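What follows is the residue order along each chain.
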Amino acid sequence: METSSNSTNSSLFQLLGLIEGYDQPSGSTLPRVITLLASLLTKMIQKNEKPFHTRRNKDEEITMFHGSRAPSMNIQRYTERVHRYARCSPACFVAAFVYIIRYLERPGATSMTLRLTSLNVHRLLITSLLVAAKFLDRKCYNNAYYAKIGGVSTEEMNRLERTFLFDLDFRLNITAEMFEKHCLMLQRQTVPCGSRKRRTALEEMTCGCQAI
């Protein structure tokens, strides 16, 4: 007999398009998790690039994931492109979200490297998805293919993956509770921030309402 908790999880996963038989938005060929993740990342960037953040601090740390300028393709189109060509499972996008948050919250990171911006989000996304696909999916394209999708060289893709793994201390395992928690955060993108009575510190971090 299915418990209430299992039923709730099943409904949530169906809503996000993580399991077969989900209700797809009218006129869309994308699982909801794709559009919700792109929306959340966009809000995080907007929050971090508010007017008083636009001037680069002389002490700002530039990582391997930073580009010299923002790509012309916004993160919404970029996420859709990766989904179209990488053909990884929808669950990989939830895992990639978990890994990006872990990267931003990693021990030893400075306040400047904790920020997700238009300069680093594309490389962080393609790298986290590559790692997630290798960890979760039975079949996965190689680094050269992901490099082509992501718009970087194979050598850079290799370096990004290696740096990302070491920065995460190779902590790739995701518990069922952690997976569900991040699914709920994505699902809440459909709920206005003002209607949420209480928000966790992580939800504050990923909320962009103050920037809109």
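The shown structure was predicted, so the numbers you read here are calculated from the model rather than taken from an experiment. (Residues numbered from 1 in each chain as written. Predicted model: local features only at pLDDT ≥ 70, side-chain atom pairs only at ≥ 80, totals over all residues. Heavy atoms only, no water.)

### Let's talk about the overall build of the protein chain
In terms of helices and strands, the protein chain carries nine helices and zero strands. Listing the helices and strands of the protein chain from first to last along the sequence gives α-α-α-α-α-α-α-α-α. For the protein chain, with 212 residues in total, the buried portion stands at 46%. For the protein chain, restricting intrachain contacts to residue pairs at least 6 apart in sequence, the fraction spanning at least 24 positions comes to 76%. Counting every atom, the protein chain has about 11,600 Å² of accessible surface; 50% of that belongs to carbon and sulfur. (Helix = DSSP H or I, 4+ residues; strand = E, 2+ residues; numbered from the N terminus. Buried < 20%, exposed > 50% of the residue type's maximum accessible area, 1.4 Å probe, protein only. Contact = heavy atoms within 4.5 Å. Areas by Shrake-Rupley, 256 points an atom, 1.4 Å probe, with all protein chains shown as cover.)

### Some thoughts on helix α7 (residues 154-167)
Between its terminal C-alpha atoms α7 stretches 20 Å, which fits the 20 Å expected from 14 residues at 1.5 Å a residue. Within α7, the full set of buried residues consists of Glu 156, Met 157, Leu 160, Glu 161, Phe 164 and Leu 165. Down the axis, α7 shows its buried residues gathered within 165° of arc, on one side only. Relative to its buried face, α7 has exposed residues pointing more than 90 degrees away, namely Glu 155 and Phe 166. Elements in contact with the buried residues of α7: α4 (91-104), α5 (121-136) and α6 (143-150). (Expected span 1.5 Å × (residues − 1). Arc of directions from axis to C-beta.)

### Let's talk about the environment of Asp 167
Within the secondary structure, Asp 167 sits in helix α7. In this structure the C-alpha to C-alpha distance between Asp 167 and Arg 106, which are 61 residues apart in sequence, comes to 7.2 Å. Contact partners of Asp 167, with chain neighbours within four places excluded, come to Phe 65, Tyr 103 and Arg 106.

### Observations concerning the confidence of the model for the protein chain
Detailed reading of the predicted coordinates is not advisable wherever pLDDT falls low. For the protein chain, the average pLDDT comes to 81, and 73% of its residues sit at 70 or higher. Confidence drops under pLDDT 50 across residues 208-212; counting only partners more than four residues distant or on other chains, this segment forms eleven contacts. (pLDDT = per-residue confidence, 0-100.)

### With respect to the pattern of salt bridges
Going through the model one piece at a time under the given rule, you end up with two salt bridges. Close ionic contact of Glu 156 with Arg 123 constitutes a salt bridge, the shortest N to O distance being 2.8 Å. Taken as a pair, Glu 156 in helix α7 and Arg 123 in helix α5 lie far apart in primary sequence, 33 residues in all. Classification of Arg 123 as partly exposed rests on a relative accessible area of 22%. (Salt bridge = Lys/Arg side-chain N within 4 Å of Asp/Glu carboxyl O.)

### Quick notes on the side chain of Ser 128
Position of Ser 128 among the secondary structure elements: in helix α5. Residues in contact with Ser 128, not counting those within four places in the same chain, are Ala 96, Tyr 99, Ile 100 and Phe 164.

### Examining the packing of aromatic side chains
Taken as a whole and judged by the stated rule, the model has five aromatic pairs. Taken together, a centroid distance of 5.3 Å and an interplanar angle of 70° make the contact between Phe 65 and Tyr 103 edge-to-face. Taken as a pair, Phe 65 in the loop between α2 (32-48) and α3 (75-86) and Tyr 103 in helix α4 lie far apart in primary sequence, 38 residues in all. Overall, Tyr 103 belongs to the buried group, its relative accessible area being 2%. A ring pair is formed by Tyr 103 and Phe 164, whose centres lie 5.8 Å apart and whose planes are at 25°; its orientation type is stacked. Separated by 61 residues along the polypeptide, Tyr 103 in helix α4 and Phe 164 in helix α7 bring together distant segments of the chain. Through successive ring pairs, a cluster of aromatic residues spans Phe 65, Tyr 103 and Phe 164. The positively charged end of Arg 106 is found above the aromatic ring belonging to Tyr 103, 4.0 Å away from the centroid. (Phe/Tyr/Trp six-rings, centres within 6.5 Å; stacked < 30°, edge-to-face > 60°. Lys NZ or Arg CZ within 6 Å of the ring centre and 35° of its normal.)

### Some thoughts on the packing of α5 against α6
For the pair α5 and α6, interaxial distance at closest approach is 10 Å and the crossing angle is 150°. Note on packing geometry: the crossing formed by α5 with α6 is right-handed. Only Asn 143, Tyr 146, Ile 149 and Gly 150 of α6 make contact with α5, whose side of the interface consists of Ile 126, Leu 129, Leu 130, Ala 133 and Lys 134. Among the residues forming the contact of α5 with α6, the class breakdown is six nonpolar, two polar and one charged. (Axes fitted to C-alpha atoms, helices over the stretch in contact; angles between N-to-C directions. Left-handed = near helix turned anticlockwise from the far one by under 90°. Nonpolar A, V, L, I, M, F, W, Y, C, P; charged D, E, K, R; others polar.)

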